[in-house]
Amino acid sequence: MSLKLPIYMDYQATTPTDPRVLEEMLPYFTETFGNAASRNHSYGWEAEKAVDDGRERIANVIGADPREIIFTSGATESDNMALKGVAETYKTKGKHIITSAIEHKAVIDSAKRLETWGFDVTYIMPREDGMTTAKMVEEAMTDETILVSIMTANNEIGVINPIREIGELCRSRKVLFHTDGTQGFGKIPLDVNDDFIDLMSISAHKIYGPKGVGALYVRRRKPRVRLAAIIDGGGHERGMRSGTLNVSGIVGFGKAAELCQESMEEESVRLSNMRDKFKATLMESLDEVYVNGHETQRLSGNLNVSFPYVEGESLIMGLKDVAVSSGSACTSASLEPSYVLKAMGRGDELAHSSIRFGLGRFTTQEEVDFVAEKTVEVVNRMRDMSPLYEMVKEGVDLSKVEWAHH
Amino acid sequence: MAYSEKVVDHYNNPRNVGSLDKNADAVGTGIVGAPECGDVMKLQVKVSGDGVIEDAKFKTFGCGSAIASSSLATEWLKGKTVDEAQEIKNTEIVEELNLPPVKIHCSVLAEDAIKAALNDYREKQGIPSVGDSRSAV
């Protein structure tokens, strides 16, 4: 079998829509096209039914009540809604919010906005392995804390946080707990009750559904979470998010969620086997390869590695037959190294040398073998060209060199 | 980001990769940039008795444009006198490689590497330095 090039290995950026998902969506564009808010005819009723089915399938993945699923345009909107909505509603209770320095920009930038509204925000620096612990959250808490927002799994390094412990802590302190579940939903077991989650952002396009649709889980009881809307209008979604529902998108989201749930365990094993073999090949064939993030507490499809003495962008240029990211896709337009790796204390040097390989549902062993071989070849070629590698081989301590900064 | 054809060509077929004996009196070495900035260039020239650059080599840690800028610099250096080499401008590199604005710093670094290498050579020969370009090592 010949490989289709370039090989897609950026599944944490986005995923292709599964053909089974697309098939289920199609009738909702042309035949069952009604507005789910139309109460007076069957077009509307059918659309509403489709939305309700989608809601139920999504809720099932995380043990939620379907009424707790609020549809949005994607996880960025959900994150904005959670942070700003909670802040607005609970501002009289307190004005302190806790998050981490390696959250997605949708959370970090929302938190920064809240600072301009007069809130205090603590950005926890994660451990060196990328994890944010309950203890760190506890130490950051004050009497003023109203919300903790810590991601389920990180998009760059794939590290899975101890969500249940953080959730339990928050519940015991009567502080709301939001988690950006975009990378974890459908991939690792999550339960909003067992994990004490009050709000959770999720997205369809990371789980083989369509782009442009996401959701925010909002707890209805014990405690009932109230959210001020950030988009006003017709009062859809219990008044929390107005706007005509994206019916076909929601149908696809629901189907995608169901498919993930059905194959979660099996797929996780398949991906981690491929990923671990990939990692082993890199480690055996190259000296000084660093895995960024916790070795085992990470998404099965994620491998983030630094190849010291090789700059990431030139490495990606050499890997032209492979679609991968250096740092996060959201910030790779800038020349700054990954803020996630920097916050983990990796140092700019290693951050500049990092590549994220993202494996997913349609990744084959043959593709992984090809990419591993290519990577080794390009890293070796780049190191032959690297003055840093040469200096280290000559015994120079790079940290002692007085570099001319530009 | 889309690279120009010339950048891709230099990246795929870099000219004059390698090292010259940095302890030789006829060799000038310029190492500029910093690892934490994502760019380090090492550029070396070997100057003949009559002041002509007879060989040039480079090694670069950096993006494709940085590699191309230094590769191109070595091509241009060969056959020039030390004084002629001093006149190479980063803008000429930008033009030749069609570098986009975000990559202009790569050409600046290459110019700096040339000047640092020439100053290192001058120092070994007991000739006064020109400008303040200095090699890190």
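Described in the following lines is the structure provided in the data block. Treat the numbers as computed from the prediction; the structure is a model and nothing was measured. (Residues numbered from 1 in each chain as written. Chains lettered and ligands numbered in written order. Predicted model: local features only at pLDDT ≥ 70, side-chain atom pairs only at ≥ 80, totals over all residues. Heavy atoms only, no water.)

1. Notes on the packing of helix 3 (residues 42–61) of chain A against helix 8 (residues 247–285) of chain A
All names here are of chain A. Going by this rule: Angles run from 0 to 180 degrees between N-to-C directions of axes, and those axes are lines fitted to C-alpha atoms, restricted for helices to the stretch in contact. Starting at the N terminus, helices and strands are each numbered in turn, a helix being any DSSP run of H or I of at least four residues and a strand any DSSP run of E of at least two. In these notes the angle categories are as follows: under 35 degrees is roughly parallel, over 145 is roughly antiparallel, 65 to 115 is roughly perpendicular, and the rest is oblique. Each crossing gets its hand from how the near helix is turned against the far one by less than a right angle, where anticlockwise is left-handed and clockwise is right-handed. Every residue pair with non-hydrogen atoms within 4.5 Å of one another is taken to be in contact. Throughout this entry, Asp, Glu, Lys and Arg are counted as charged residues, while Ala, Val, Leu, Ile, Met, Phe, Trp, Tyr, Cys and Pro are counted as nonpolar. The remaining residues, Gly among them, count as polar.
Between helix 3 and helix 8, the shortest axis-to-axis distance is 8 Å and the interhelical angle comes to 30 degrees. Taken together, the axes of helix 3 and helix 8 lie roughly parallel to each other. Helix 3 and helix 8 meet at a crossing whose hand is left-handed. Facing A47, A50, V51, G54, R57, I58, N60 and V61 of helix 3, the residues of helix 8 in contact are V247, I250, V251, F253, G254, K255, A257, E258, Q261 and M264. For the contact of helix 3 with helix 8, the per-class residue count stands at 11 nonpolar, 4 polar and 3 charged.

2. Details of helix 1 (residues 5–12) of chain B
What counts is decided by this rule: Each residue is assigned to one of three classes by its accessible area relative to the maximum for its type, calculated with a 1.4 Å probe on protein chains only: buried under 20%, partly exposed between the two thresholds, exposed over 50%. Directions drawn from the helix axis to the C-beta atoms are what define this arc.
Every buried residue belonging to helix 1 of chain B is among B:V7, B:H10 and B:Y11, and all of these are buried. Taken down its axis, helix 1 of chain B places every buried residue within 100 degrees of arc, on the same side. Buried residues along helix 1 of chain B sit against helix 9 (312–318) and helix 12 (365–384) of chain A together with helix 2 (64–77) and helix 4 (90–97) of chain B.

3. Comments concerning the nonpolar core
Here is the rule: Note on terminology: a nonpolar core comprises buried Ala, Val, Leu, Ile, Met, Phe, Trp, Tyr and Cys residues joined through side-chain atoms within 4.5 Å.
Ranked by size, the top nonpolar core spans 62 residues in total, and within it A:M9, A:F278, A:F307, A:F357 and B:L77 carry the most contacts. The element that contributes the greatest number of residues to this core is helix 5 (residues 104–125) of chain B, accounting for 9 residues. Not counting chain neighbours up to four residues away, the residues in contact with A:F357 comprise A:M9, A:Q12, A:F278, A:G301, A:N302, A:L303, A:V305, A:F307, A:V324, A:V371 and A:T375. One finds A:A64, A:M141, A:V148 and A:L169 within the second-largest nonpolar core, a separate group that totals 54 residues.

4. Observations concerning the sheet that holds strand 3 (residues 53–61) of chain B
Residues and elements named next belong to chain B. Selection rule: The pairing criterion is simple: DSSP has to find at least two bridges between the two strands.
Across the sheet, 3 strands lie side by side as 1-2-3; this open sheet has antiparallel pairing. Only two strands of the sheet have a single partner each, and these edge strands are strand 1 (27–34) and strand 3. Recorded for the sheet is a direction-independent mean angle of 10 degrees between the axes of neighbouring strands. Across 8 bridges, the pairing between strand 2 (residues 39–47) and strand 3 is antiparallel. Each bridged residue has a counterpart across the sheet, and for M41 the counterpart in strand 3 is T60. In this fold helix 2 packs onto strand 2 and strand 3, with an angle of close to 175 degrees to the strand it touches most, strand 3. Seen against the sheet, helix 5 touches strand 1, strand 2 and strand 3 and runs at an angle of roughly 145 degrees to strand 1.

5. Details of the pattern of salt bridges
All names here are of chain A. Just so we agree on the cut-off: Within this document, salt bridges are pairs made up of a side-chain nitrogen of Lys or Arg and a carboxyl oxygen of Asp or Glu, the two lying within 4 Å of each other.
Applying the stated rule across the entire model yields 41 salt bridges over all chains. Between K255 and E24 there is a salt bridge; the shortest N-O distance is 3.6 Å. Here the residue K255 occupies a position in helix 8, and E24 occupies one in helix 1 (residues 19–25), the gap between them amounting to 231 residues. Between D198 and R219 there is a salt bridge, and its shortest N-O distance comes to 3.3 Å. Here D198, found in the loop between strand 6 (176–180) and strand 7 (199–203), pairs with R219, found in the loop between strand 8 (214–218) and helix 8; they are 21 residues apart in sequence, far enough to count as distant. Within this structure, E24, R57, K255 and E258 form a network of salt bridges that share partners.

6. Concerning the environment of B:L109
Residue and element names in this part refer to chain B. With respect to the helices and strands, the residue L109 is situated in helix 5. Assessed through its relative accessible area of 4%, L109 is described here as buried. L109 sits 39 residues away from S70 along the chain, and the two C-alpha atoms are 8.6 Å apart.

7. Side note on a nonpolar patch on the surface
Condition: The patch calculation keeps residues exceeding 30% relative accessible area without a salt bridge and links them within 9 Å when they carry like charges or within 5 Å when they are nonpolar (Val, Leu, Ile, Met, Phe, Trp, Tyr). In this description, accessible areas are obtained by the Shrake-Rupley approach with a 1.4 Å probe, and a residue is regarded as covered only by the protein chains that are shown.
A contiguous nonpolar surface patch, about 290 Å² in accessible area, is contributed by A:L22, A:L26 and A:F29. Relative to the assigned elements, A:L26 resides in the loop between helix 1 and helix 2 (27–30).

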